[in-house]
Structures are given as structure tokens and as C-alpha cells.
Amino acid sequence: MTSEFYDCGVVSLVIEEPSEKRFRTAPYAVNKETLAPAIDIAFSKSEKAVKIVHKMKMEDTMFEGYKTEGECSYVINLRPFYIEGYYNKNLVLTVNQRQLLNYDFHKSFEELLAKARDSAELSLLLSGWEQFSHGCTIACPKGPQSIALDVTFHGLSKCYGLPERYRRFQLESTKRNGKTQPYRLYNLDIFTDKHVNQSLYGTVPFVIASDPEKEFAGAFLWLNASDTYVDFEVVETDSKLHFISETGTLECFAYLGGTALDLTTAHGKVTGTTPMPQLFALGYHQSRWEAFAQEDVENSSRMFEETDIPCDCLWLDIDHTDSKKYFTWDHRLFPKPLEMIQKLKDDGRHLVVIADPHLKADPEYPVYSEALKQGMFISCLDRLVYKDKGR
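Residues numbered from 1 in each chain as written. Predicted model: local features only at pLDDT ≥ 70, side-chain atom pairs only at ≥ 80, totals over all residues. Heavy atoms only, no water.

(A) How the structure looks around the overall build of the chain. Counting its regular elements, the chain contains 7 helices and 25 strands. Counting over 391 residues, the chain shows a buried share of 40%. Taking all contacts inside the chain whose residues are at least 6 apart in sequence as the whole, residues at least 24 apart take part in 62%. When the accessible surface of the chain is summed, it comes to about 23,400 Å², and 54% of that surface belongs to carbon and sulfur atoms. (Helix = DSSP H or I, 4+ residues; strand = E, 2+ residues; numbered from the N terminus. Buried < 20%, exposed > 50% of the residue type's maximum accessible area, 1.4 Å probe, protein only. Contact = heavy atoms within 4.5 Å. Areas by Shrake-Rupley, 256 points an atom, 1.4 Å probe, with all protein chains shown as cover.)

(B) Spatial organisation of the nonpolar core. The biggest cluster of nonpolar side chains holds 38 residues, and the ones touching the most others in it are Phe153, Phe220, Leu241, Phe243 and Leu250. Filtering out sequence-adjacent residues up to four positions away, phenylalanine 153 remains in contact with Val92, Leu93, Cys159, Val207, Ala209, Gly218, Ala219, Phe220, Thr237, Asp238, Ser239 and Leu241. Tyr6, Val30, Ile208 and Val270 belong to the second-largest nonpolar core, a separate cluster that totals 17 residues. (Core = buried A, V, L, I, M, F, W, Y, C linked by side-chain atoms within 4.5 Å.)

(C) Here's a closer look at the pairing of strand β9 (residues 90-95). For strand β8 (residues 81-87) and β9, the ladder comprises 5 bridges, and the chain directions are antiparallel. Residue glycine 85 lies in a different strand from β9, and its bridge partner there is leucine 93. Hairpin connection between β8 and β9: a loop of 2 residues separates the two successive antiparallel strands, and asparagine 88 in this loop has a positive phi of roughly 50°. Where β9 and strand β13 (residues 147-153) come together, 3 bridges link them in antiparallel fashion. Residue pairing for β13: leucine 93 is matched across the bridge by phenylalanine 153. (Pairing = 2+ DSSP bridges.)

(D) How the structure looks around the side chain of glutamine 286. Locating glutamine 286 in the fold gives a position in strand β23 (residues 285-286). Those residues in contact with glutamine 286 that lie beyond four places of it in its chain are Phe304, Cys311, Cys313, Leu314 and Trp315.

(E) Local environment of the pattern of salt bridges. Scanning the entire structure with this criterion turns up 14 salt bridges. In this structure, arginine 168 engages glutamate 172 in a salt bridge whose closest nitrogen and oxygen atoms are separated by 3.4 Å. With a relative accessible area of 21%, glutamate 172 lands in the partly exposed category. Between lysine 343 and glutamate 339 there is a salt bridge; the shortest N-O distance is 3.9 Å. Here glutamate 339 and lysine 343 lie together in helix α6 (residues 337-346), a separation of 4 residues that amounts to about one turn. Shared partners join several salt bridges into a network, and the residues in it are Arg167, Arg168, Glu172 and Arg176. (Salt bridge = Lys/Arg side-chain N within 4 Å of Asp/Glu carboxyl O.)

(F) Just helix α5 (residues 294-306), in detail. Given a rise of 1.5 Å per residue, 13 residues ought to cover 18 Å, and the 19 Å separating the end C-alpha atoms of α5 matches this to within 8%. Every buried residue of α5 is accounted for by Gln294, Val297, Ser300, Ser301 and Phe304. Considered in projection along α5, the buried side chains sweep an arc of 130° and stay on one side of the axis. Residues Glu295 and Glu306 are exposed on α5 and point more than 90 degrees away from its buried face. Contacts made by the buried residues of α5 are with β23, β24 (313-316) and α6. In the segment just after α5, aspartate 308 is the residue with positive phi, at about 60°. (Expected span 1.5 Å × (residues − 1). Arc of directions from axis to C-beta.)

Here you go:
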């Protein structure tokens, strides 16, 4: 277990399995160039011993806990384990307050056989070695590897985040009428109110707890790329969240600040900020999922001109391609694509053609054959390329 402290009021926590290397998201998501370590923070092991460090590996035999001092301070207690975050002496958040920390370590079949008391218990234990999803049975040769952790924001009853979702940005309780419907962070192309807590095209496991009437605020980043569920409820004036992920290393960041702006600024230092987009990207884009032809595109651009509606960009979905093969044109619908693009350019408009991260499995398709040759596709346990049965 490793914890790092940074000068923007942020503390990180990483728990890794000693004998089994799991996927880590941080190397791909954390911006070490803008995340400065708080080397001037004091960690107190006891009243007589103080160390000035910014990174420390913690083991049960080392010490009971330590405390950082300053505007943003954290207290780490090891037995029982929890982290408290204070802003100007106000308790803002507690990580693992409800002791819901869970880490399913790798187990062998031999260990399960020795542990099971009867066949029914063995069957239950072995159920974690298979998962059923989208009509397919998926083998899990390393068994269940789920991780979980809870965080509580004290005196802050309003939380925002966990995009991208169909409903409003402020989180609502996931417990209704005695049932629980957690927020699910799993990217799907489902834009409907039927799955109210299901994420859409992207997921960001980041939550801000803020109240303009309070002089403190907090945030939490659960850095995990696997299938994740989040329970949320407000108890009196405290917001309580419970993160549960399918697998991966347990990595998270806690944030302290005076306002939501402080927290988003600190978050920018952790993950990096969004680069400035091209100017045309800020304008109106005409995007429809339908089979457009070259004539339709040119007519749409002409009508925007005639009606004086500002439009910077037109989009084409997969139907513009040759048999749904990206980076190609259906020349029956678009006989002169370069000429069409030039006309749009003359009108001051841009064209975007869609390219999703799936390719048609056609050996005569150069993009597919080259990707297959270079081993760039997702593979199954048998090392064969994964193919969508419905496509």
C-alpha cells in the first residue's frame, strides 16, 4: 500500500496485490509533469519522530498512522484503516469510513478445494471463475478479482459527477423503495431513460462534493477502467459513496479545497487539462445517424447558407463507407468526395467522417489485414481474435 501527497491538496492511494500484477490506469491517466509532490509536508509517526517525505510505503509493522499539517491536512490510520481529510481544520472527507474496503486476491483451485466445507459451498466459490455477459459466458482463470472502497463527504449533501449519464449532473440516491440501482460505469451506446443509471458513450469516475454556503469542498477520483458500480446516498448531511470494480489495481485520489473551482484546478494537475480545440469545433455541428449521399451533404450546406444558420461542420456516420469498412467511401453515394469536401471548404465548413474502434473482419480489407498482422486486436483467452457474433 502506497500513499503520495501533493501540493494541490491531493492524496493518492494505491493498493497492489503482491503476487499478481494487475492492470494499472495511472500510467495512462495521471500527468506526472504537472503533479508536484508536497515535499514540505510533515508526516508524524509519533510525537518524537517527524519525517519530511512525500512518498511512504506503509506496512502494519511501521506505525499506527501519521498526519500532514497545513491548510489541507490528512490523517492516515492503519488499524482500522481509514484516511481523513481536513480543510482549515474542517473534516471534509473520510476514505473507508464504513470499512467497505475489499480486495479479492488471486486464489488457486487447490486453495478453494481446501477451503470449501461441502459441494454447495465449493459451487458458490467457483461461481467467480465464470461470468455471464451479453449472452456470452466469459471464463475468469484467475477467479474473482473485484475491488471496492467507500468514501464519505461530511456536511456536504450535494455531489456531482460520474458522467456521462442520461439524467441530471447532481447525483441522486441509488436506493429507492428498498431496492438498489447503482450507477454503472460501462460505456454503451444506449441513449434512453430506460437505464437511468447506466453510463453512455464515456465514463469519468470523478465526484465533487460542494456547497456554496460551505467554506470547504471535497472530491474523489476512482481510477479504474473496468466495469464499475457506484452506490450513493445522503445520510443526514453526509454524502456516502461506495465504489465497486470488476478487477484492476486499487487506485484513487482524494481532493480538498475551498470551492469546486479549487477541486477542478487540482484535478487538472492530476490528469492534465483538455487541450484547446480547433475553433470550428466550438460551433454548431450537424450530425445525424442516417444514410446521407453526396447530394444530401451539398444540399444541407446550401440550405444553411440560404437560411443564414451558422454551421461549422457536417458529420457522416458509418453509412458513407464501402460495406462498413472505415477509411473507405461508398462511391455509389459519394462519386466525387474530394469535390464535395472542397465545396464545403469554400462555404467555410468542415466535414467529419466517423471511425469507431471496430473493424470489419474481411481479409481483403487492408486495414483489417494489417491490424491482424501486427496483433493489434483484442483477443480471447484462447489467443484468437475476438469477433462480435452479431456483426
